[in-house]
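Residue-level listing of the chains:
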Amino acid sequence: VRLVKRDCLKGCADRLAAAENRTVAAWRLARDLLQPQAGLPLIDGTPDDGASAEAANNYFSEKVLQLRAKMPPKSPWASKKARGLSHSTAATFDLHCIGENVVKKHIRRLSNSQAVGHDGIPSSVWKNLASLARPIMHLINASIKHGVVPCAFKKAVVHPIPKKGKDSTSAAGYRPVAILPAFRKGLELIVAAQLTSALNQCCQTQKMPIGQTSIKN
């Protein structure tokens, strides 16, 4: 019991120390301790939490497959003819490698959320480790050069959030919220910035009245 109490106190202290606004964090911590949330009910037909989580995961995965099946094989907007671009004027784009300063810039833009993916590392940790900018740069550049996103970046911790007014014993009564590793978010910010810049430059070159384009990760 003593060790459990010690770990609980240490966890609370670490949570407050990492918070940007300690007053808000203290009130949230007090609420969580005084009014702990009850667990979610089991999905109908499942004997325990593990089976219930598996049923919800299968349901969410099937919904994604159904949405993908409804997507057209090729969007009409992808056609050069539809965009009024000839082969000679069509713009090309390649992702380019980045330096340490770019890495630091985008890491600072990460949110201060304490939500963690499967790696257990919140974004606040990366934001406070500027000394890791060089190895992070090498990892991101390797991903860009080879055109490969690491498998670890594709894994997410999925939290089922109850839909208001829906049956909480059915998988359809929840919406999935996927928590990805914070490191992946840094890669997404860098890629999104390069895509946005290229699209804006293309719009100006082709004199297309689209305005400023922005891509969000």
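Reading the values: rules and limits
- Residues numbered from 1 in each chain as written.
- Predicted model: local features only at pLDDT ≥ 70, side-chain atom pairs only at ≥ 80, totals over all residues.
- Heavy atoms only, no water.
- Helix = DSSP H or I, 4+ residues; strand = E, 2+ residues; numbered from the N terminus.
- Polar contact = N/O pair within 3.5 Å; in protein donor to acceptor, adjacent residues only side chain to side chain.
- Contact = heavy atoms within 4.5 Å.
- Patch = residues over 30% accessible without salt bridge, like charges linked within 9 Å, V, L, I, M, F, W, Y side chains within 5 Å.
- Areas by Shrake-Rupley, 256 points an atom, 1.4 Å probe, with all protein chains shown as cover.
- Salt bridge = Lys/Arg side-chain N within 4 Å of Asp/Glu carboxyl O.
- Core = buried A, V, L, I, M, F, W, Y, C linked by side-chain atoms within 4.5 Å.
- Buried < 20%, exposed > 50% of the residue type's maximum accessible area, 1.4 Å probe, protein only.
- Axes fitted to C-alpha atoms, helices over the stretch in contact; angles between N-to-C directions.
- Parallel < 35°, antiparallel > 145°, perpendicular 65-115°, else oblique.
- Nonpolar A, V, L, I, M, F, W, Y, C, P; charged D, E, K, R; others polar.
- Phe/Tyr/Trp six-rings, centres within 6.5 Å; stacked < 30°, edge-to-face > 60°.
- 1 Å grid on protein atoms, 1.4 Å probe; cavity = no way out; pocket = protein on both sides within 12 Å on 5 of 7 lines; lining within 4 Å.
- Points joined across faces, edges and corners; volume = space filled by probe spheres on them.

Caption draft 1: Seen up close, the side chain of glutamine 194. Here glutamine 194 is to be found in helix α8 (residues 182-206). Polar contacts involving the side chain of glutamine 194 include one to the main-chain amide nitrogen of histidine 96, which spans 2.9 Å. Sequence-distant contacts of glutamine 194, that is, excluding residues within four places in its chain, are made with Phe93, Asp94, Leu95, His96, Ile98 and Ile144.

Caption draft 2: Spatial organisation of a nonpolar patch on the surface. A cluster of nonpolar side chains, Val125, Leu129 and Leu132, forms an exposed patch at the surface whose accessible area comes to about 180 Å². Counting through the fold element by element, leucine 129 comes out in the loop between α6 (123-127) and α7 (133-146).

Caption draft 3: Broad picture of the nonpolar core. Judged by nonpolar contacts, the single largest core of 16 residues is most densely connected at Ile98, Val103, Ile107, Trp126, Ile136, Ile140 and Phe183. Every element with two or more residues in this core is listed here: α5 (100-108), α7 and α8. Ignoring sequence-local partners within four residues, the contact set of isoleucine 98 consists of Val103, Met137, Ile140, Asn141, Ile190 and Gln194.

Caption draft 4: The packing of α5 against α7, seen in detail. It is at 9 Å that the axes of α5 and α7 come closest, and there the two elements cross at 100 degrees. If you check the angle between α5 and α7, you find them roughly perpendicular. Here Glu100, Val103, Lys104 and Ile107 of α5 lie close against α7, whose contacting residues are Ala133, Arg134, Ile136 and Met137. Within the contact of α5 with α7, the residues separate by chemical class into 5 nonpolar, no polar and 3 charged.

Caption draft 5: Highlighting the packing of aromatic side chains. In total, this model carries 3 aromatic pairs according to the counting rule given. Taken together, a centroid distance of 5.1 Å and an interplanar angle of 85 degrees make the contact between tryptophan 126 and phenylalanine 183 edge-to-face. Placement of the pair is tryptophan 126 in helix α6 and phenylalanine 183 in helix α8, with a sequence separation of 57 residues. As far as the burial class goes, tryptophan 126 and phenylalanine 183 line up, both buried. Look at phenylalanine 153 and phenylalanine 183: their rings are 5.2 Å apart centre to centre, the planes differ by 45 degrees, and that puts the pair in the tilted class. Note that phenylalanine 153 is positioned in the loop between α7 and β1 (157-162) and phenylalanine 183 in helix α8, a separation of 30 residues in sequence. In this pair, the class of phenylalanine 153 matches that of phenylalanine 183, namely buried. Three or more aromatic residues joined by ring pairs form one cluster here, namely Trp126, Phe153 and Phe183.

Caption draft 6: Empty space enclosed by the protein, seen in detail. In the structure shown here, the tally under the stated rule is 1 cavity of 30 Å³ or more. Reported here for the largest cavity is a volume of approximately 70 Å³. Along the walls of the largest cavity sit Val103, His106, Ile107, Leu110, Trp126, Ile136, Ile140, Ala182, Phe183, Gly186 and Ile190, which together make up its complete lining. Sorting the residues of the lining of the largest cavity by element identifies α5, α7 and α8 as the ones contributing at least two each. Among the residues forming the lining of the largest cavity, the class breakdown is 9 nonpolar, 2 polar and no charged.

Caption draft 7: Focus on the pattern of salt bridges. In total, this model carries 2 salt bridges according to the counting rule given. Arginine 184 is the salt-bridge partner of glutamate 188, the closest N and O atoms lying 2.6 Å from each other. Here arginine 184 and glutamate 188 lie together in helix α8, a separation of 4 residues that amounts to about one turn.

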